[in-house]
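Letter by letter, the chains look like this.
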Amino acid sequence: TWHLKKIPQIVRERTFSLDSPKFEAKTKLELNSVCGIECQRKLPVPSLSDLKNLLSYETVFENGTRTLTEVNVLGAVLDPAANTTTRRPSRKKRQIYGTDSRFSIYDKRFMTNFPFNTAVKISTGCSGILVSPKHVLTAAHCLHNGKDYVKGSKRLRVGLMKTKSRGNGRKRKGTSDGMPSFQWTRVKSTHIPKGWFKGVSGDIALDYDYAVLELKRPHKRKYMELGISPTIKMMPGSMIHFSGFDNDRSGQLVYRFCSISDESNDLFYQYCDAEPGSTGSGIYLRLKEPNKKKWKRKIIAVYSGHQWVDINGEQQDYNVAVRITPLKYAQICFWIHGNDENCTQG
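It should be emphasised that the depicted structure is a prediction, and the values quoted were computed from it without experimental measurement.

**Q** What am I meant to see in the environment of Ala-76 here?
**A** Mapped onto the secondary structure, Ala-76 falls in the loop between β3 (66–74) and β4 (103–105). Of the residues examined, Ala-76 reaches a relative accessible area of 25% and is grouped as partly exposed. Measuring from C-alpha to C-alpha, the distance between Ala-76 and Gln-9 comes to 7.7 Å, with 67 residues separating the pair along the chain. Residue contacts for Ala-76: discarding those within four places in its chain leaves Pro-8, Leu-51 and Leu-327.

**Q** Would you mind going over the state of the cysteines with me for this structure?
**A** Each disulfide consists of one covalent bond between the sulfur atoms belonging to two cysteines. Going through the model one piece at a time under the given rule, you end up with 3 disulfides. Cys-126 shares a disulfide with Cys-142; S-S distance 2.1 Å. The sign of the S-S torsion, about -95 degrees, decides the handedness of the disulfide formed by Cys-126 and Cys-142: left-handed. Taken as a pair, Cys-126 in the loop between β5 (119–122) and β6 (127–132) and Cys-142 in the loop between β7 (135–138) and β8 (157–164) lie far apart in primary sequence, 16 residues in all.

**Q** Any chance you could explain the packing of aromatic side chains here in plain terms?
**A** Ring pairs (aromatic) are described by centroid distance and by the angle formed between their planes. What the rule picks out here adds up to 12 aromatic pairs. By way of ring pairs, the aromatic residues Tyr-57, Tyr-208, Tyr-210, Phe-334 and Trp-335 are connected into one cluster. Geometry around Phe-114 places Lys-222 over its ring, the cationic atom sitting 4.3 Å from the centre. Looking at Lys-328, its charged tip hangs above the ring of Tyr-208, at a distance of 5.2 Å from the centre.

**Q** Help me understand the confidence of the model for the chain in this model?
**A** Overall, the predicted model of the chain reaches an average pLDDT of 81, with 81% of residues at or above 70. Here helix α1 (residues 37–42) stands out as the element of the chain with the lowest mean pLDDT, 69, in contrast to strand β10 (residues 211–215), whose mean of 97 is the highest. Counting interchain partners and residues more than four positions distant, the pLDDT-below-50 stretch residues 80–94 has 43 contacts. Here residues 171–176 is a poorly scored stretch, pLDDT under 50, and it has 7 contacts once near neighbours within four places are set aside; other chains count.

**Q** Would you take a moment to explain the side chain of Arg-256 for this structure?
**A** Positionally, Arg-256 belongs in strand β13 (residues 253–263). Classification of Arg-256 as buried rests on a relative accessible area of 0%. Side-chain polar atoms of Arg-256 contact the backbone oxygen of Asp-273, separated by 3.2 Å. Ignoring any residue separated from it by four or fewer positions in sequence, one finds Arg-256 in contact with Arg-102, Ile-240, His-241, Phe-242, Ser-243, Gly-244, Asp-246, Cys-272, Asp-273, Ala-274 and Ser-278.

What counts and how
Counting starts from 1 at the beginning of each chain's written sequence and moves along it residue by residue. Local features are withheld for residues below a pLDDT of 70 in this predicted model, meaning they are given only at 70 or higher, and side-chain atom pairs are given and counted only at 80 or more; totals for whole chains, interfaces and linings count all residues. With hydrogens and water set aside, each side-chain value is computed from the structure's full complement of heavy atoms. Think of it this way: any DSSP run of H or I at least four residues long counts as a helix, any run of E at least two long counts as a strand, and we number them from the N terminus. Buried, partly exposed and exposed residues are distinguished by accessible area as a fraction of the type maximum, computed with a 1.4 Å probe on protein chains only: under 20%, between the cut-offs, and over 50%, respectively. Note on contacts: a residue pair is in contact if any heavy atoms of the two residues lie within 4.5 Å. Disulfide: a pair of cysteine sulfur atoms within 2.5 Å of each other. Here a Phe, Tyr or Trp ring, Trp counted by its six-membered ring, pairs with any other such ring whose centre lies within 6.5 Å, and the pair is stacked when the planes are under 30 degrees apart, edge-to-face when over 60, and tilted otherwise. Placement of a positive charge over a ring is assigned whenever Lys NZ or Arg CZ falls within 6 Å of the ring centre and within 35 degrees of the normal to the ring plane. Values of pLDDT, ranging from 0 to 100, describe the predictor's confidence in every residue of the model. Each polar contact in these results corresponds to two N or O atoms within 3.5 Å; when the atoms are within protein, one needs to be able to donate a hydrogen and the other to accept it, and residues that are neighboring in sequence are counted only if both atoms are side-chain atoms.

Structure follows, in structure tokens:
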């Protein structure tokens, strides 16, 4: 069941103009030197002043101007046991773990309907997910390498799926229902938490590897709501799901599901088969709504990609996702609505 939680408040304090970014960084879909599971366990619990700094954010606008917004955080619960993890047997593999368990979605009845139609393609080579009529959630490193914005983010666009029929609009005998093409929409503004910039230099980047894009024009599709990430024990079969546009399956929407192997307060470590291109996908669960018989899918994490992490002094690889904690829910919700009135419970 989805459990309602009281959400901390993110309050805008001051906004400053910054120099326009250079947009000269190269897109890098795999990060190195990441604070791993053992490192996460040893991280100190951030103080209130740390949170105010980490959750302040940069906004880049379509015309290339940039601002920094400082925030205050009200009602945050600082949990001293936050970074403890659930130990599970681990294995050393690669991005495709044994048999490739990904599914390419060809049938337009699925491709153009919920939940698959919430997946979008980012022009820098990543994926994302629709979270409102005009907002997309993706990974921060798809847009910024920690020092500068990537080249392709200056004229950033988002591709929404549509299907094109093969051959004069008529389906040929024995062919699939259609391959996806994209309706590209310009991005009006981009929000990235300041914790991402600190994280890269401080070697704890992944905790804040998320960003929200505001589209220039609203779409008319069903989008996926945000949810607070439950612990592994509270998930049916510990299973997560996500869809994206993996580079090795060009032009295809690729869906996968798997169980989570380990967790910290901010990250999920899992072995869902994935390739570059699916980075930034929204990871979701399907749980029952409180006091109702209805089931509902919600986004509970952002897929950050393949990572080498340190475990007991050894390097091991996982596919890692950034969990939507109450604080991150508050920030993303604030970016979507422009205030915290609609973000009191999640």
